[in-house]
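Below are the chains, spelled out letter by letter.
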Amino acid sequence: MTNVGCNKRSALHRHGCLIGVLALLFAANAQALDFELPLVDGGKFQRLSNLSPRITLVNFWRADCPPCIAELPLLVDAAQRLGFRLVSVALQTPGETRAHWPRVPGSPGSHVALLGPSEPRGLLRRFGNASGAIPYSAMLRPDGSLCVKRMGEIEQGWITDNLAKCGT
Amino acid sequence: MNHRTKHLKTIHLAILMAYALSPSAYADERQLSTVEVKGGPQGKLQPKLRDEIIKTESISAADIRKTNAATLNEAVDNNPGVAVQTECSICNVRNVTLNNLPGRFTTIMIDGVPIFSSVSGAYGLDMIGVNGVERIDISRGAGTSLIAPEALAGTVNIVSKRPAKAESIVEAQAGQYGYRRLDGFLARPFAGGAVTAALNLNHHDSLDGNGNGVGEYTGYERALGGFGLFLDDIGGFKLRGRLDLVNEQRGGGALGSDSGAIKSNMSGNPFNWSAGRGGSPSPAGWIVPNGVTQAGDITLADGRILRPYGGGRGGMSEIIETRRQQAILVGERKLDGGARLKLAFGYANHDQDSFYEGDYYIAKQKQHYTEANLQKPFGATLLTLGFNYRYEDLKSHGRLADGSAVAGLDDYAYKTPGAYVQAYRALFDERLELNGSIRHDRHNVFGGITSPRLNALWHHSAETSSRIAVGRGFRAPTSFFEQDHGILATTRIERHIDNPEISDNASYAFSHAGDRDALVVSLNYNKIKNYALLDSGATDPVSGAPITVFTQSSEPVIVKGIDASYTYRFTGNLEGTLGAEKFNYQFRPGDLSFARPDERVYLRLDYDVGDWDIIARVAWTGPMDLKRFHDYANNPRYNLDGTPKLDKSPSYWVMDLSGRYKVNKTASLVLGVNNLFGFRQTDREDFLWVDSAGNFDVTHFWGPTRGRQLYAGVRFDL
């Protein structure tokens, strides 16, 4: 870890420096969002930052969430048609996910289907969702930074409106 | 510009950037129809303080299915800080213990409504089916539940599932020891609501592991039925209602299900008291350790005194029939300004007709619960104001083995109106969450009682948090069942109780929720004052007849503990969890009636691949200080051959395996084994014991009551 030079200063400086470092870390957190989650087929882990730079919509869902199920086909279809990447994160067991999606739809590259962690609130909070409610989506710029987030079911218009905004 | 000024400017700039780049600056949060994530696949939970009940663990429906649990007790067992304790070898009373405190301090709720107490709390927890359950939330600590101040150890809340799609499920299982189980669940959503129906039929034979003819595992025949009604908008209210019907007969002691014949067989000796570890030298009876004879005793050739048994099958048996009906209705309505109104009602009627070794006990218990709760934001503070009224009574009658009638021995009627207020506020961009509350209850016997609590949650980062909780709770002791479920050989109960049991609780929990791993470490401190005790061995100073004194300990019971649970995902299909707990107990010897271990370790592997879903769970239970818990200094316990019981129980492992294989879209196969290593307590020491005068009991517990059990089944999702 980088030595930020706080250790030889006065108590006040050390305190202030700590706040500054925390604030910078918090700011950095908003700049580059990342995770490492397994693919729904149970294979390898996928790190978000290892995917090629592209506008990415990260969508969190569960099979027992009716609005999540309602919006998923729209998102898969929109990703193929409009050229952004959909990363769906299932917040349930592999078996529950397979029961809903025996074959994950989408062409290679347009849809990456992942399994969420056992305790998903940390991940949700990191992506700006402190309440833990779903459906929840976060649109990321090609550099991986958060552009816009959405709580609740997504309509087509929301996607098209924000693609232009997040592509810049 | 001096160095300090320059440095502070840098800090201010950094803070400004942090705010400008924080996710909230980009929020486009239109609160449409959403579902709150209550826990992940395995239900570990980072705490969240907005709610009236602050959950510390959550068990999902998927987890319940994986572990093959049919009832509440089976669903919650074997988690750090959570255990199910069996307290009787011939009636299998089982309690859910939180933080290793006695089970009576755990409040069971259904959809947030507390509707179990005393009689129903003794056998009723085996009768809470888990079909149609969305999840089970556990809240450890007296400071975690605003609406249940009597939950000195915490609460267990069963949350019904509002179905989103039509479901028709049938599952049948069979296994060793006469295990038969049939489950059915039907869900039908309609425009604006849904209805559900659930059925669970369960049978298990009574078991005798050591060949003496006295069972260690109580047999049962159980039928559970439930109906659910969900209405999304009726007068602006979102309603969920539930009706549960229970019919159970359980019988332990003498083997067999011919309960009428057992009850009427009250003479002779059908048992072999010389069988098993520590068995008597004679099959006719057991050794009187102190050698003091009474009429009918036999002096053996070696000079020891044998007390022959002549009570027949019925004299060693307990047969309990239960019928229960309960109804719950919860309605929530959103009001202007972000406010929410919640109304809740609960009703339970619990009938118990029991036979306790020749004594007959018939009890009827009623419970009502009413709650009105308004949640409204005032600026950045979310206020919750509420009122609830709890009513419970118990009326009993019966007759003793000698034919004498008894009535109202343990009757009581408690009426407890209470009011509460809770304030919740998130500070520092939601990094700090504070929840403070206070409630005041007016108990019709114990008077006014005020219970405050305070919770603080600090998010170190998105993934890690610390929670500190302090709280107070109270509980009005209800005598008989929660203290000792088989003490009816008494003519009256003298109550020497002036105060409710009071708990002061403090806890700290550190949580980490990463992408591949999750860690929760909890520290708990519980101090219970006015600990209620039942002395069933007292005698009336005038008549000399046996009486029972209901009193309170002069010293508090203090239980301190630390537990930790770490989960790591090895691959997308394989996840492992390692859990451990260590507890320390301070109490006057004998006050805690049942022994508890200082340490437990848990290991769990979940393998979910292709059409297979497999779970392996291993629990290691450390030694228990039997000498201290059972107060051997004043009340030594002996085996039937007159040798002393173990001072310390041995440690042991229990491993359960369960697997499900999906044959096709509708059919799945179930295969499992409970207690794979087959360890039973009777391999080392019997549950039966005698005191120095040769009086007999069935409550010497520290290990599993049943050995290895294989089962298999089939499930259809139609």
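Since this is a predicted model, take the numbers as computed values, not measurements.

### Looking at the overall build of chain A
The helix and strand tally for chain A stands at five helices and eight strands. For chain A, the α and β elements follow one another from N to C terminus as α-β-β-β-α-β-α-β-α-β-β-β-α. Evaluated residue by residue, chain A yields a buried proportion of 48% over its 168 residues. When contacts within chain A are restricted to residue pairs at least 6 apart in sequence, those whose partners lie at least 24 apart make up 66%.

### Overview of the overall build of chain B
The number of helices and strands found in chain B is six helices and 39 strands. In summary, chain B has a C-alpha radius of gyration of 27 Å against a globular reference of 27 Å for 718 residues, a match within 12%. Dimensions of chain B along its principal axes, counting C-alpha atoms only, are 100 × 60 × 55 Å. Counting only residues that meet the buried cut, chain B has 48% of its 718 residues in that class. Taking as baseline every contact in chain B between residues at least 6 positions apart, the subset at least 24 positions apart corresponds to 67%.

### Side note on the confidence of the model for chain A
Residues and elements named next belong to chain A. On average, residues of chain A score 81 in pLDDT, and 82% of them reach the 70 mark or higher. Confidence, expressed as mean pLDDT per element, reaches its minimum in chain A at helix H1 (residues 11-31) with 46 and its maximum at strand E3 (residues 56-61) with 96. Note that pLDDT drops below 50 for residues 1-14; the model gives that stretch nine contacts with residues more than four away or on any other chain. Across residues 16-30 the pLDDT falls below 50, and counting only partners more than four positions away or on other chains, this stretch makes 26 contacts in the model.

### Quick look at the packing of helix H2 (residues 66-82) of chain A against helix H5 (residues 156-166) of chain A
All names here are of chain A. Axis separation between H2 and H5 bottoms out at 11 Å; the angle between their running directions is 35 degrees. Two packed elements cross with a definite hand, and for H2 against H5 that hand is right-handed. For the pair H2 and H5, the contacting residues are Leu-74, Ala-78 and Leu-82 in the first and Gln-156, Ile-159 and Leu-163 in the second. Per-class residue counts for the contact of H2 with H5 are five nonpolar, one polar and no charged.

### Description of the confidence of the model for chain B
Averaged over chain B, the pLDDT score is 88; the fraction of residues at 70 or greater is 91%. Both scores are given for the predicted complex: the pTM is 0.86, the ipTM 0.80.

### What about the nonpolar core?
Grouped together as the largest cluster of nonpolar side chains are 90 residues, with contacts concentrated most on Ala-75, Val-76, Val-113 and Ile-136 of chain B. Look past the residues within four positions of Val-76 of chain B in its chain and what remains in contact with it is Ile-59, Val-82, Val-84, Val-96, Ile-136, Ile-138 and Val-156 of chain B. Residues Leu-72, Val-76, Val-87 and Phe-127 of chain A belong to the second largest nonpolar core, which totals 41 residues.

### With respect to the environment of Glu-392 of chain B
All names here are of chain B. By the element assignment, Glu-392 lies in strand E20 (residues 381-399). Since 25 C-beta atoms lie within 10 Å of it, Glu-392 is described here as buried. Considered as a pair, Glu-392 and Pro-644 are 252 residues apart in the sequence and their alpha carbons are 42 Å apart. Non-local contacts of Glu-392, meaning those with residues more than four positions away in its chain, are made with Ser-117, Gln-365, Lys-366, Gln-367 and Tyr-414.

### Some words on the pairing of strand E12 (residues 219-234) of chain B
A regular strand places its side chains on the two faces of the sheet in alternate fashion. Residue and element names in this part refer to chain B. As paired strands, strand E11 (residues 193-204) and E12 are joined by 12 bridges and run antiparallel to one another. Across the sheet, His-204 pairs through a bridge with Tyr-220, a residue of E12. With 14 bridges joining them, E12 and strand E13 (residues 237-252) adopt antiparallel strand pairing. Across the sheet, residue Phe-230 finds its bridge partner in E13, namely Arg-240. From the end of E12 to the start of E13, which pair antiparallel, there are two residues, and Gly-235 there has a positive phi angle of about 65 degrees.

### Points about H2 of chain A
All names here are of chain A. Taking 1.5 Å of rise per residue, the 17 residues of H2 would be expected to cover 24 Å, and the 25 Å separating its terminal C-alpha atoms lies within 8% of that figure. Every buried residue of H2 is accounted for by Cys-68, Glu-71, Leu-72, Leu-75, Val-76, Ala-78 and Ala-79. Of the residues flanking the end of H2, it is Gly-83, one or two places downstream, whose phi is positive at about 85 degrees.

### Brief notes about the sheet that holds strand E14 (residues 285-287) of chain B
Residues and elements named next belong to chain B. In spatial order, the strands read E14-E16-E15; together these three strands make up an open sheet with antiparallel pairing. Strands at the two margins of the open sheet, each flanked by one partner only, are E14 and strand E15 (298-299). Here E15 pairs with strand E16 (residues 305-308) via two bridges, running antiparallel. What sits directly across from Thr-299, in E16, is Ile-305.

### A look at unusual backbone geometry
In this structure, the amide linkage connecting Ile-134 of chain A to the following residue, Pro-135 of chain A, adopts the cis form with an omega of 5 degrees. On the secondary structure map, Pro-135 of chain A appears in the loop between strand E6 (133-134) and strand E7 (136-140). Of note, the phi angle at Asn-100 of chain B is positive, near 60 degrees, even though the residue is not glycine. Secondary-structure assignment places Asn-100 of chain B in the loop between strand E4 (94-98) and strand E5 (106-110).

### Describing the environment of Phe-84 of chain A
Relative to the helices and strands, Phe-84 of chain A is located in the loop between H2 and strand E4 (85-90). Excluding anything up to four places from it in sequence, Phe-84 of chain A contacts Arg-54, Ile-55, Thr-56, Leu-57, Ala-79 and Leu-163 of chain A.

### So, the environment of Leu-432 of chain B
Residues and elements named next belong to chain B. The residue Leu-432 is located in strand E23 (residues 432-443) in this model. You can call Leu-432 partly exposed: it has 14 C-beta atoms within 10 Å. Sequence spacing of Leu-432 and Ala-62 is 370 residues, and the spatial spacing of their C-alpha atoms is 32 Å. Dropping the residues within four chain positions of it, Leu-432 is found in contact with Ala-426, Leu-427 and Trp-458.

### With respect to the sheet that holds strand E8 (residues 154-160) of chain B
Residues and elements named next belong to chain B. Read across the sheet, five strands follow the order E2-E7-E8-E5-E6 without closing on themselves; strand pairing throughout is mixed. The open sheet has two edge strands with one neighbour each: strand E2 (57-60) and strand E6 (113-114). Pairing geometry for E2 and strand E7 (residues 133-140), over four bridges, is antiparallel. Within E7, the position partnered with Glu-57 by the bridge is Ile-138.

### A word on the pairing of E4 of chain B
All names here are of chain B. The buried fraction of E4 is high, at five of five residues. Here E4 shows no split at all, with Arg-94, Val-96 and Leu-98 on one side and Asn-95 and Thr-97 on the other all buried. In this structure, strand E3 (residues 82-86) lies alongside E4, joined through five bridges in antiparallel fashion. Within E4, the position partnered with Thr-86 by the bridge is Arg-94.

Conventions used here
Residues numbered from 1 in each chain as written. Chains lettered and ligands numbered in written order. Predicted model: local features only at pLDDT ≥ 70, side-chain atom pairs only at ≥ 80, totals over all residues. Helix = DSSP H or I, 4+ residues; strand = E, 2+ residues; numbered from the N terminus. Buried ≥ 20, exposed ≤ 12 C-beta atoms within 10 Å, placed from the backbone. Contact = placed C-beta atoms within 7 Å. Rg over C-alpha atoms; globule rule 2.2 N^0.38 Å. pLDDT = per-residue confidence, 0-100. Axes fitted to C-alpha atoms, helices over the stretch in contact; angles between N-to-C directions. Left-handed = near helix turned anticlockwise from the far one by under 90°. Nonpolar A, V, L, I, M, F, W, Y, C, P; charged D, E, K, R; others polar. Core = buried A, V, L, I, M, F, W, Y, C linked by C-beta atoms within 7 Å. Pairing = 2+ DSSP bridges. Expected span 1.5 Å × (residues − 1).

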